Each structure stands twice: as structure tokens, then as C-alpha cells.
Amino acid sequence: MVRRVAVIGAGAAGLASVKCCLEEGLEPTCFESSEDIGGVWRYTVTSRRVSVYRSVITNTSKEMSCFSDFPFPQDFPNYLSHGLVLEYFRMYARHFDLLQHVRFQTTVLSVRKRPDFLASGQWEVVTEAGGVRESHVFDAVMVCTGHYQEPYLPLASFPGIESRFKGQCLHSREYRDEQEFRGKRVLVIGIGNTGGDLSVELSRVAAKVFLSTRSNTWVLSRVSAHGFPRDMVGTTRFNHLLDWLLPAALTRRIKFRKFNSWFNHTNYGLASSKSSKFKMIINEELPFCLLSGTVVLKPNVKEFTESSVVFEDGTTEENIDVVLFATGYNFSFPFLEESVGSAIDDNRSLYKCIFPPQLEKPTLAIIGLIQLTGSIMVGSEMQARWVTGVFAGWNKLPPPSRMMAEVLKSKENLKMSFIGYVDKIAACAGVKPSVLRLLLTDPQLALAIFFGPCSPYQYRLVGRGSWSGARAAILSQWQRTLKPLRTRVLADTSNSSSSWCWMCLLALPAALTAGLVFSKYPWAGPQL
């Protein structure tokens, strides 16, 4: 029987895990190696630990990123600085009285099975604080250290960077602000969200910025049609259903045409609509930087000389002062015993991206090792709710052999659909809402859930941990979105969100049709 739970890390996933343990009557102890909560969202000017850079802004909006029973304050902007995210974490921790369960400046050195693990499922956790080591016994462990741990620096893929290049070379982990790059010629390698952000920021002070990529990349804006947050407009159950119903080639074509409606990506050398493999990043300013020449897009690097870089298309850029790798991170769990840690290649080697399937007792869970098309924070909280339900005995897992078989046959991408994944875990936890049932009992709410944003509050409507404020939070989310914009009221005070109500009414026949399809073929498609 699980009672005492070790939670490793006090970032977003760790705080949610502590709260979920308390909700299930468990006794959590959270070990945090630094002196404060927040994880990567606690900005620091030193590079001793991973943190966001000074200018970072969230890519997901507040309504789509909050903990499911604790909305962001309505006067917070829709996209948030690291300072506001950290302030929100502090509010969450205070509201649910979580800090008393956190042991700060305590490093976890090892997590090993107890000798009687086959019977007890217990773990021995060794920690160090102030130079003093301590051994603890826990019934279960939740690892909440995330995937921003070890910088991925693929120097071997760039001939000459170590043997010939005389300039400065660093990883984006070491970047804090742009001042040290003033007047320099900078090459940024990697066009993920970080590479795009840093290229734009550096372009304001650097003599020249070159952005090298080997990927086809679609650049999106946080601002969607009519000025609403993109994820609130796009991440809906209706769109998720369309993605399943329509052929993949047609869906891709529709998306590419929509992406190109902002600017033609082929003209900018970013992506072609004929590309089968591509990535998407969020960046409003990058297209203008490319258009104005302050950032120059380049292909993959072929090799480095002492002060220049040669690209695969044969072009050369001279007098490069700094090479900044925005090449991401490798995750690692150095504290886990070898038999467990070595079996975790990536999240696809875990059952539902959470449980190591080879363990005889499911008392170890990896929380937050996911990449979603939406908020990782929301996905991590849902994982924690299911996991603590398993620990408390409310939710059951299949035997290890079945879990292992599912992992081996899984063909999940590393980056998964937000709705698809969170719905899957919510169904396991018994908290996934039924649109069809709500259509009969609460049509207004059903339409808001199906056609409106798939916000976290939906997962607090039913099941264990349901929240009495969930319905009101869903029906008022557009008002909270507009609230921080009402700093200058104009004469036209018409309700800008009323068009969404009309859209829901017009699309009602589609919902009813979908209901008939799935009632006749219940095995088909994503469950509503």
C-alpha cells in the first residue's frame, strides 16, 4: 500500500504532483536542489542550472496553460513573462499549502529498489543537504525533473568547430541576455522556438545574425484571427475530430495554405508545401527580421575554418565571432539505479509516457517527459492525477507484460497531439468529459467544450478531483481573455466573443452527425 511518496523537483510538474498526492491522502516529500520553486521558469543570471532567458514569453496562452482548478488571475496578460509564470506558481503553492512539503537545497543522489522490492515496491532515496547525506524509504517515487537537463551539443556533426574555429562557441543554456553579443557576427544553429527567439533578440544588438537550419519550418504567430490567442482558437475538440476524419494529406494541405496566408514560407526559404517532414515554431518577429535582413537564413553547416563557416550550399560567411547552439537538450536521470535508468531511451519507452513497464511494481513514475502540441504543464498535471490515483489504488494498470507489449508496438511521435494525449490519460484517470452526455444534460456547456478551446478546466467536470468552479471557468474563459485588453474602452462595446456562440449554434448539426456516427461505430475515432 502506497503512503509515502518522494517527489523529485519543485517545478510545475513537481508542484502539481505534491498537490495530487495530498488530494489522494498520500504523504509527499518534495526534494528541490535549488533554494526556490519554479524550475526552469525561475530566471537566473548564472548558468549553473537551466533556466529561461530574460526575454522569454510563453508560447501557450494563460487559459490553455493553467492548472485545471486554479485559473491565472484575469488581469494577467494572455501570454506571460517568466516573472508572471513564477508569481502564478507561488500563488498556487500558497493557495494549496504546498511549500511545507518541499525540502529546498536538497539534492537527490540515488533512487534504488529496496531488497524486498518484489513484495513492497519500495525505494531507497539518498539525499544530500548542507553536506549531510540522508537515506529515506518511500513507497513510491515521482520524478519531475523535466527534459531540460543536459545540453545537446552535437560538435562532432560540425567539422572544424573544435579543431580550427577560434571564435566563441556556446549552448543556449548559457544564454541569459543579448548584451555580451553587441557588435558581433553571430551564427545561431537550430531553428526551434529558442533558436528563433534568440536570433530575433540578437539582431537588435549584433552586427549580423545568421540562422542555420536543416529543417523545413512553419512560423506561426501567437495571435490568431480577430486577435484571439492562437491556441484558444485552434485547439478545439471540433478541430481534433476533423483531423481524424479528413485524410492526412488533405489536412496537411489545409494547414499549409493557412500558414502561408500570413506570408509565403517558400519565398523566405523556410518551408515548402511539398515537404512531408516539418516543424512549427511560434515567432511573430522572425519574418520581419528576415525581410529586413537583420537575420539571414542559411542551410546546414558543412564545416568551420578559423573564422568562417562554410554551408552545404557552398556559400561562406566570414568573420564569425560567436556560434550559438540552439540544439535542445538530452534528458537524464543520473540518480536512478542503472537497471531502471538505462531502459528509458525516451518517453516512448515508458507506458503512456509515464511508467517504466519492466518494473514488477508500478511505484515509479516519470512526470513531464512529454512534448505536446499544447501546454506541457497541463499534460504533466494530468499525468500526476492519474499516477497518484494508481498509487492510491483507485486506478489500475495492466500487468507488466501487457504494458511492455504496448510500449513495443507503440508508434507515437515524440511530439504528440495535446488533446489526443491528455484525453487518453484523462480516460485512464476517469476524468474525461463526455460531450454527448453533456449535450443531453447541459447543451450550453457541451457546445463550449466541443467548439471552444480545450482548456484544462474540462478535466475537472467529472470524476475524482472534480471542481465545482469548472463549468463557470469554461463559460467565462473568453471574458478573462479580453479582460487585460480592456485598458482603453472604446464607444463600441459589443461583445467580441458573441460570434463564438453563433459559430457553436451553426455547427450544432455537425456535432449531432458526429454523435450518430460514433453511436453507431463506438470504436471509431477519438472518444468525445
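Residues numbered from 1 in each chain as written. Predicted model: local features only at pLDDT ≥ 70, side-chain atom pairs only at ≥ 80, totals over all residues. Heavy atoms only, no water.

**Student:** Tell me about the overall build of the protein, and name the residues and values.
**Tutor:** When its secondary structure is counted, the protein shows 19 helices and 22 strands. At 24 Å, the protein has a C-alpha radius of gyration in line with the 24 Å of a compact globule built from 528 residues. Projected onto the principal axes, the alpha-carbon positions of the protein cover approximately 65 × 65 × 45 Å. A sequence separation of at least 24 residues applies to 68% of the contacts in the protein between residues at least 6 apart. Carbon and sulfur atoms make up 53% of the accessible area of the protein, which amounts to about 24,300 Å² in all. Across the protein, the centroid of the 58 positively charged side chains sits 6 Å from that of the 46 negatively charged ones. (Helix = DSSP H or I, 4+ residues; strand = E, 2+ residues; numbered from the N terminus. Rg over C-alpha atoms; globule rule 2.2 N^0.38 Å. Contact = heavy atoms within 4.5 Å. Areas by Shrake-Rupley, 256 points an atom, 1.4 Å probe, with all protein chains shown as cover. Lys, Arg positive; Asp, Glu negative; His and termini not counted. Charge placed at Lys NZ, Arg CZ, Asp CG, Glu CD.)

**Student:** So what's going on with a nonpolar patch on the surface? Which residues, and what values?
**Tutor:** Taken together, Leu242, Trp244 and Leu245 make up a surface patch of nonpolar side chains, about 270 Å² in accessible area. Position of Trp244 among the secondary structure elements: in helix α7 (residues 237-245). (Patch = residues over 30% accessible without salt bridge, like charges linked within 9 Å, V, L, I, M, F, W, Y side chains within 5 Å. Salt bridge = Lys/Arg side-chain N within 4 Å of Asp/Glu carboxyl O.)

**Student:** Can you lay out the sheet that holds strand β17 (residues 316-317) for me, pointing to particular residues and giving the numbers?
**Tutor:** Read from one edge of the open sheet, three strands run β15-β16-β17, paired in antiparallel fashion. Two strands in the sheet have a free side with no partner beyond their single neighbour: β15 (301-304) and β17. With three bridges joining them, β15 and strand β16 (residues 309-311) adopt antiparallel strand pairing. Residue pairing for β16: Val301 is matched across the bridge by Phe311. (Pairing = 2+ DSSP bridges.)

**Student:** So what about the side chain of Thr481? Which residues, and what values?
**Tutor:** For Thr481, the position within the fold is in helix α17 (residues 477-482). At 2.8 Å, the side chain of Thr481 and the backbone oxygen of Gln477 are in polar contact. Setting aside anything within four residues of it in sequence, one finds Thr481 in contact with Glu63, Asn78, Phe228, Pro229 and Met232. (Polar contact = N/O pair within 3.5 Å; in protein donor to acceptor, adjacent residues only side chain to side chain.)

**Student:** Can you tell me about helix α15 (residues 443-451), naming the residues and giving the values?
**Tutor:** Most of α15 sits out of view: seven of its nine residues are buried. Listed as buried for α15 are Leu445, Ala446, Leu447, Ala448, Ile449, Phe450 and Phe451. (Buried < 20%, exposed > 50% of the residue type's maximum accessible area, 1.4 Å probe, protein only.)

**Student:** Explain the environment of Leu297 to me, and be specific about the residues and the numbers.
**Tutor:** Position of Leu297 relative to the elements: it lies in strand β14 (residues 295-298). In the structure, Leu297 is positioned 109 residues away from Val188 in sequence and 9.7 Å away in space, judged by C-alpha atoms. With near-sequence residues (within four places) excluded, Leu297 lies in contact with Ile191, Leu211, Thr213, Tyr268, Gly269, Leu270 and Leu290.

**Student:** Residue-level account of the environment of His136, with values.
**Tutor:** With respect to the helices and strands, His136 occurs in strand β6 (residues 132-138). With relative accessibility at 8%, the residue His136 sits in the buried group. In this structure the C-alpha to C-alpha distance between His136 and Glu124, which are 12 residues apart in sequence, comes to 5.7 Å. Only 2.9 Å separates the side chain of His136 from the side chain of Thr127, close enough to count as a polar contact.

**Student:** I'd love a proper account of the packing of aromatic side chains, names of residues and values included.
**Tutor:** All told, the structure shown has 33 aromatic pairs when counted by the stated rule. With a centroid separation of 6.3 Å and an interplanar angle of 40 degrees, the aromatic rings of Phe72 and Phe76 are classed as tilted. Exposure remark for Phe72: the relative accessible area of 4% places this residue in the buried category. Taken together, a centroid distance of 5.4 Å and an interplanar angle of 55 degrees make the contact between Phe165 and Phe304 tilted. Of this pair, Phe165 sits in the loop between β8 (150-151) and β9 (168-171) while Phe304 sits in strand β15, and the two are 139 residues apart along the sequence. Across the ring face of Phe138, the terminal group of Arg4 is positioned such that the distance to the ring centre comes to 4.4 Å. (Phe/Tyr/Trp six-rings, centres within 6.5 Å; stacked < 30°, edge-to-face > 60°. Lys NZ or Arg CZ within 6 Å of the ring centre and 35° of its normal.)

**Student:** Please provide a residue-by-residue account of the pairing of strand β18 (residues 322-325), values included.
**Tutor:** Burial along β18 is two-sided: Val322 and Leu324 and Val323 and Phe325, pointing in opposite directions, are all buried. Taken together, the four bridges between β9 and β18 define a ladder with parallel strand orientation. Across the sheet, Gln168 pairs through a bridge with Val322, a residue of β18. The pairing of strand β10 (residues 185-189) with β18 spans four bridges and is parallel. Bridge pairing in β18 links Ile189 to Phe325.

**Student:** So, the nonpolar core: which residues are in play, and what are the values?
**Tutor:** Residues Met142, Phe355 and Phe391 are the most contacted members of the largest nonpolar core, which totals 74 residues. If one sorts the elements of this core by residue count, helix α11 (residues 376-392) sits on top with eight residues. Leaving out residues up to four positions away in the same chain, Phe391 has contacts with Val2, Val5, Leu26, Ala140, Val141, Met142, Phe355, Pro362, Thr363 and Ala365. Judged by nonpolar contacts, the second largest core, of 27 residues, contains Val186, Ile191, Val200 and Leu202. (Core = buried A, V, L, I, M, F, W, Y, C linked by side-chain atoms within 4.5 Å.)

**Student:** Break down the state of the cysteines for me, with residues and values.
**Tutor:** Counted according to the given criterion, the structure contains zero disulfides. No disulfide involves Cys353; its sulfur sits 11 Å from that of Cys428, the nearest cysteine. (Disulfide = S-S within 2.5 Å.)

**Student:** Which residues make up the packing of helix α1 (residues 12-23) against α11, and what are the values?
**Tutor:** It is the contact of α1 with α11, at a shortest axis distance of 9 Å, that shows an interaxial angle of 30 degrees. Our classification of the angle between α1 and α11 gives roughly parallel. Handedness of the α1/α11 crossing: right-handed. In contact with Ala12, Ala13, Ala16, Ser17, Cys20 and Cys21 of α1, α11 contributes Met377, Ser380, Glu381, Ala384, Arg385 and Thr388. Partitioned by chemical class, the residues of the contact of α1 with α11 number seven nonpolar, three polar and two charged. (Axes fitted to C-alpha atoms, helices over the stretch in contact; angles between N-to-C directions. Parallel < 35°, antiparallel > 145°, perpendicular 65-115°, else oblique. Left-handed = near helix turned anticlockwise from the far one by under 90°. Nonpolar A, V, L, I, M, F, W, Y, C, P; charged D, E, K, R; others polar.)

**Student:** So, the sheet that holds strand β2 (residues 27-31): which residues are in play, and what are the values?
**Tutor:** With parallel pairing, the five strands of this open sheet are ordered in space as β3-β2-β1-β7-β20. Each edge of the open sheet carries a strand with a single partner, namely β3 (102-103) and β20 (364-366). As defined by bridge partners, strand β7 (residues 140-143) adjoins β20 across three bridges and the pair is classed as parallel. Its bridge partner lying in β20, Val143 is registered against Ile366.

**Student:** Describe α7, naming the residues involved and giving the relevant values.
**Tutor:** For α7, the full list of buried residues reads Arg237, His240 and Leu241. Buried residues of α7, viewed axially, fall in a sector of 100 degrees; they line one side. (Arc of directions from axis to C-beta.)

**Student:** Explain the pairing of strand β5 (residues 123-129) to me, and be specific about the residues and the numbers.
**Tutor:** Pairing analysis gives six bridges linking strand β4 (residues 107-113) to β5, with the strands arranged antiparallel. By the bridge assignment, Val111 is partnered in β5 with Val125. Looking at chain direction, β5 and β6 are connected through seven bridges and run antiparallel. The residue of β6 that forms the bridge with Val125 is His136. Taking the residues between adjacent antiparallel strands as the criterion, β5 and β6 are bridged by two residues, where Gly130 takes a positive phi near 60 degrees.

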